[in-house]
Amino acid sequence: MDSPIVSRLFRQLFAHRPCQSLRAQSSAPLRHARRNQIRSLSSRRGYGDDASTNESNWQQRTSILPPDMSEEYSKYPMVTADQLKSRRERPRRVKMLTRDFIEDSLYNPSYGYFSKQVVIFTPGEPFSFNDLQDESEFHKLLGQRYTEFEDKLDAKEYNESRQLWHTPTELFRPYYGEAIARYLVANYKLSQYPYHDLIIYEMGAGNGTLMLNILDYIRDAEPDVYDRTKFKIIEISSNLAKLQAQQLMRSAHTKGHASKVEIINKSIFEWDQVVPSPCFFLAMEVFDNFAHDAIRYDPITEEPMQGTVLIDTKGDFYEFYVPQIDPVASRFLRVRHAATGGRYPLPLNQSRILRTIKRSLPFAPNLSEPEYIPTRLMQFFDVLGKYFPAHRLLTSDFHELPDTIRGVNAPVVQTRYQRRTVPVTTPYVHQGYFDILFPTDFNVMELMYRAITGKLTRVLSHEEFLRRWAYVEETETKNGDNPLLTWYKNASVLTTV
């Protein structure tokens, strides 16, 4: 049902060169699908839901003067991602908080990016790094396997808009998973063995490769620990949950783990059972796809305003900002300020005097650039603190990303078309066909995690963590290059201590 719309959408993505003034930081050519998607920083007044109040809403302009959508904004109902879960069609004639729009775009069961579009690359046989000359040869071989993998998929069903991506677990199988396993076993023996079982939760397990690599290692290297190991996957995607179960039963070797594994097909944010036992909680490359709220600030009063998006009858998007901050975003701002002592980046990087002068200029923006705050990540910490009080968290994610859209802590928004990556400059895009990928400010979120859970933590670079727990000689090439250590330089690892 989507195919005619999507074909036109992606043809438009490649049909027009964007205005230079609207480019993100990427040096690659950007394309836009609808003229209403890419916003400038100038704004105009509209009116809120309650015409009897004196509160104002701010509608973002495009590079061309947009239609005044304030009347529609006052009439359209506010909906949430939870309310849209049962819908098969993308919503129209509604308004949503930015975080609900992102959540719906990525996770809606009928049309969400992770529910319907994503394919995780599997390179086949593990790479024999010791037999490769250098990192360049690894990169070339990886490209060849990527092409072979997608050729096989196209032979079954051609899809020019297939969303394909890879993870360190898949690229460096089994070495990456074995490093995680060594960390888990060592810390389990130090603090829990023999009084407790080794209970491992993994959220967002992809193909299930990390689970299998961890269990293979423990079974082979630590049989006594393996006897007491339980592995529980929490997976929001029904498709991926089925794939994980298939991976577990694909051979006699993997079937041996079946009694150790439980796959729970639900969102972590629907969790409602207390797990009192000590456990390890793995969250590998999942923070980046947690929904964020958009906040802009009045440059004079520094008052925060929360972003909403209006979806009209045609499915076009219009940004609005309102001074009423909802309880979730408001709590995030309070907890962040208390946890950090007020030391965190904001889009108000000039003095108030300079901002006042700048605002008096013609066509000056009325609001700051957006700041994207990880409200969903805060709620994840709430779940850990409330329902997993004895957990130890191990998480890895990106602290920096290239080609982000404008703003503080802004995401990369991109899709794939005809095997090419296409970045765009707004998160308000056709739901389900774009990855919306945020960096994590570990300096801030480590302190918020501590404040919410009361636990102590350590943050290491991706390379530092792997030097401690991986057998790095296994991924070294003939000339001494080590892709396991040099790739993912923009990632960090946070652990509970």
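Shown above is the structure to which this text applies.
Residues numbered from 1 in each chain as written. Predicted model: local features only at pLDDT ≥ 70, side-chain atom pairs only at ≥ 80, totals over all residues. Heavy atoms only, no water.

Enquirer: In this structure, what is going on with the overall build of the protein? I would like to understand it.
Expert: Along the backbone of the protein there are 17 helices and 19 strands. Residues classed as buried in the protein amount to 56% of the 497 residues present. If you sum the accessible surface of the protein, you get close to 22,000 Å²; carbon and sulfur atoms cover 49% of it. (Helix = DSSP H or I, 4+ residues; strand = E, 2+ residues; numbered from the N terminus. Buried < 20%, exposed > 50% of the residue type's maximum accessible area, 1.4 Å probe, protein only. Areas by Shrake-Rupley, 256 points an atom, 1.4 Å probe, with all protein chains shown as cover.)

Enquirer: Looking at this structure, how should I read the side chain of T395?
Expert: Tracing the sequence through the fold places T395 in strand β14 (residues 391-398). According to the relative accessible area criterion, T395 is buried, its value standing at 0%. Looking at T395, its side chain comes within polar contact range of the main-chain oxygen of A283, at 2.6 Å. Residues contacting T395, with those up to four places away along its chain left out, are A283, M284, F287, S492, V493 and L494. (Polar contact = N/O pair within 3.5 Å; in protein donor to acceptor, adjacent residues only side chain to side chain. Contact = heavy atoms within 4.5 Å.)

Enquirer: What exactly am I supposed to notice about the packing of aromatic side chains here?
Expert: Inspection of the entire model under this criterion finds 34 aromatic pairs. Ring geometry for F287 and F290: centres 5.8 Å apart, planes at 25°, overall stacked. Here the aromatic residues Y201, F269, W271, F281, F287, F290, F380, F381, F388 and Y449 are joined through ring pairs into a cluster of three or more. The aromatic ring of Y344 is capped on one face by R336, whose charged end is 4.0 Å from the ring centroid. (Phe/Tyr/Trp six-rings, centres within 6.5 Å; stacked < 30°, edge-to-face > 60°. Lys NZ or Arg CZ within 6 Å of the ring centre and 35° of its normal.)

Enquirer: Quick question: what am I supposed to make of the sheet that holds strand β17 (residues 435-437) here?
Expert: Hydrogen bonds between backbone atoms are what pair the strands of a sheet, whose relative direction is either parallel or antiparallel. If you walk across this open sheet you meet the 3 strands as β16-β15-β17, and the pairing is antiparallel. Edge positions in the sheet fall to β16 (420-424) and β17, since each of these pairs with one other strand and no more. The average angle at which neighbouring strand axes cross in this sheet is 30°, direction not considered. In the sheet, strand β15 (residues 412-417) pairs with β16 via 5 bridges, with the strands oriented antiparallel. Bridge assignment links V413 to a residue of β16, and that residue is V424. (Pairing = 2+ DSSP bridges. Axes fitted to C-alpha atoms, helices over the stretch in contact; angles between N-to-C directions.)

Enquirer: Just checking my understanding: could you explain helix α5 (residues 135-156) for this structure?
Expert: Note: α-helices contain 3.6 residues per turn, so residues at a spacing of three or four share the same orientation. For α5, built from 22 residues, the straight-helix expectation of 32 Å at 1.5 Å per residue is met to within 8% by its first-to-last C-alpha distance of 32 Å. The set of residues buried in α5 consists of F138, L142, R145, Y146, F149, E150 and D154. Taken together, the buried residues of α5 touch β4 (118-120), β5 (163-165), α6 (168-171), β15 and α17 (483-486). For α5, the side-chain oxygen to backbone nitrogen distance between the N-cap and S136 is 3.2 Å, and the N-cap itself is D134. (Expected span 1.5 Å × (residues − 1).)

Enquirer: Mind showing me how you'd approach the environment of Q350 here?
Expert: Along the chain, Q350 turns up in the loop between α12 (327-340) and α13 (352-359). Separated by 51 residues in sequence, Q350 and P299 place their C-alpha atoms 9.2 Å apart. Ignoring any residue separated from it by four or fewer positions in sequence, one finds Q350 in contact with R355 and K358.

Enquirer: Looking at this structure, I do not really get unusual backbone geometry. What am I missing?
Expert: Comment: phi is negative for the bulk of residues other than glycine, and the bulk of peptide bonds are trans. Going from R173 to P174, the amide bond is cis rather than trans, its omega being 0°. The topology assignment puts P174 in the loop between α6 and α7 (175-191). The linkage connecting Y193 with the following residue, P194, adopts the cis geometry, with an omega of 0°. Along the polypeptide, P194 turns up in the loop between α7 and β6 (198-203). Positive phi, normally seen in glycine, also occurs at Q418, with a value near 50°. Tracing the backbone through its elements, the reader meets Q418 in the loop between β15 and β16. Unusually for a residue other than glycine, R419 sits at a positive phi of about 65°. Residue class for R419 comes out partly exposed when judged on its relative accessible area of 34%.

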